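# Examining the three-dimensional arrangement
Chain residues, written in single-letter form:
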Amino acid sequence: MRDLPFDTADPRLAAAAWTRIAEPGDAAAGLVRAAMGPGEALGWLTRAARSGPADAHRPPPQVQQQAPWLDARKWGACVGRWLPRLERLDIRRELGVLHELGGRLVIPEDDEWPGALDDLGTRAPAALWVRGGARLNSVEHTVAVVGMRASTSYGEQVAAQLAIDLAEHGVAVVSGGAYGIDAAAHRGALSADGTTWAVLAGGVDRLYPVGNTALLETVEATGAVLSEAPPGSVPSRYRFLERNRLIAALGAVCVVVEAAWRSGALSTARHAAELLRPVGVVPGAVTSMASVGCHRLLRETDAVCVTGAEDVLELLAPAGEHLTSDHAVQPGLLDDLDPFAARLLDAMPARGAAGPESIARAGGLSLVEVRSGLGRLELAGRVERHGSGWRRADAAGR
């Protein structure tokens, strides 16, 4: 095993190298990085590769202290996955590709690093490969909006409107850049001049799916396209599933719009629940196969039914400080009235005025009751005199 052609002690180079060496979500790699730091861990791995199986199958002391349950057999299997990728590794090539695209590498030591990813523990990424001008620490609130690729027009409409409304409240929308619900969510946020992030399963040099290239380029222009996999990485099925944990971690709330029985969106919801993120679910028609997974979440988990952005904002800020009265329920005619006053007001005509005798006949009330009741309603601002009669206060402008 030759020495690596770059400085393994450089924290940026070492973190980038680990994204190539270990697959996304590799907890053992996260454990050794946490115990030793990415640079020292990479140095240990290269030395172990030169020394042979005996050293490679023995966890370093720092790792043994943190994970005494990790025996030689398990550790040897982990190292066995990493060693083949050390051959001909020069992460500077991938960084060169990233810089040519105008991108940047974000590592946990950077101010831009999204601290929410630290909730993933040893399964947190070693670094993020990012394209786009929006800094990942520039937004206060984020919501993950996910769903199935084979979505219906109903699902796409709901996802787009949800993203529009969230963007108008300053919330960044996080999704996976895929067809269907993901694309609708990104487009909705963009149409409202909001911030949206697309988390890819492959390298950021390969905007995937190809059919969404133009959309992802627009996301990059105003938001961010990011991945934990280095340039050149293929978006495999396994990486898609692991990518979902990043979407779940980056969103303070996870909303599932449409999901079939075995939809990948369900795995994102599961990751969110494990991270103690609130999960919201948009219901669909009981006959729609596109909503079977959503109804399953509502039936089997603690997910909350979501019908609009107000519900999501409530999950995002339970105290309600970000809620507005734009969609408040209009007060009813008889709200806040005792039974007698409600009966009296209800007996009055919807339009125009009426005298006390007419109101008494309509309501089945005595004339004395009507006259005293009208006085109290006038003081409450619910009725007013009009000529020789009385009318409801809300009828004055009609």
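### Side note on the packing of helix H15 (residues 339–347) against helix H16 (residues 356–363)
Their axes nearest at 8 Å, the elements H15 and H16 cross at an angle of 110°. Taken together, H15 and H16 sit at an angle that is classed as roughly perpendicular. Seen along the crossing, H15 lies across H16 with a hand that is right-handed. On H16, the residues touching Arg-343, Leu-344 and Ala-347 of H15 are Ile-359, Ala-362 and Gly-363. Class assignment of the residues belonging to the contact of H15 with H16 gives a composition of 4 nonpolar, 1 polar and 1 charged.

### Notes on the pattern of salt bridges
What the rule picks out here adds up to 19 salt bridges. The salt bridge involving Arg-135 is made with Glu-112; its shortest N-O contact spans 3.6 Å. Residue Arg-135 is located in the loop between strand S2 (128–131) and strand S3 (142–146), and its partner Glu-112 is located in the loop between strand S1 (104–106) and S2; the two are separated by 23 residues in the primary sequence. By relative accessible area, Arg-135 is classed as partly exposed at 39%. Between Glu-300 and Arg-299 there is a salt bridge; the shortest N-O distance is 3.7 Å. Of the two residues, Glu-300 and Arg-299, neither departs from the other in class, the shared state being exposed. Several salt bridges share partner residues, and in doing so they unite Arg-123, Glu-228, Glu-242 and Arg-245 into one network.

### Digging into the sheet that holds strand S7 (residues 253–256)
The strand order across the open sheet formed by 9 strands is S1-S2-S6-S5-S4-S3-S7-S8-S9, and the pairing between neighbours is mixed. Two strands close off the open sheet at either side, each with one partner strand: S1 and strand S9 (304–305). Two strands pair when backbone bridges link them, and S1 and S2 are joined in this way by 3 bridges, in the antiparallel orientation. Residue pairing across strands places Leu-105 opposite Trp-129, the latter belonging to S2. Packing against the sheet, helix H14 (residues 309–316) makes contact with S3, S7, strand S8 (279–281) and S9, and its axis sits at approximately 150° to S7.

Thresholds applied
Residues numbered from 1 in each chain as written. Predicted model: local features only at pLDDT ≥ 70, side-chain atom pairs only at ≥ 80, totals over all residues. Heavy atoms only, no water. Axes fitted to C-alpha atoms, helices over the stretch in contact; angles between N-to-C directions. Helix = DSSP H or I, 4+ residues; strand = E, 2+ residues; numbered from the N terminus. Parallel < 35°, antiparallel > 145°, perpendicular 65-115°, else oblique. Left-handed = near helix turned anticlockwise from the far one by under 90°. Contact = heavy atoms within 4.5 Å. Nonpolar A, V, L, I, M, F, W, Y, C, P; charged D, E, K, R; others polar. Salt bridge = Lys/Arg side-chain N within 4 Å of Asp/Glu carboxyl O. Buried < 20%, exposed > 50% of the residue type's maximum accessible area, 1.4 Å probe, protein only. Pairing = 2+ DSSP bridges.

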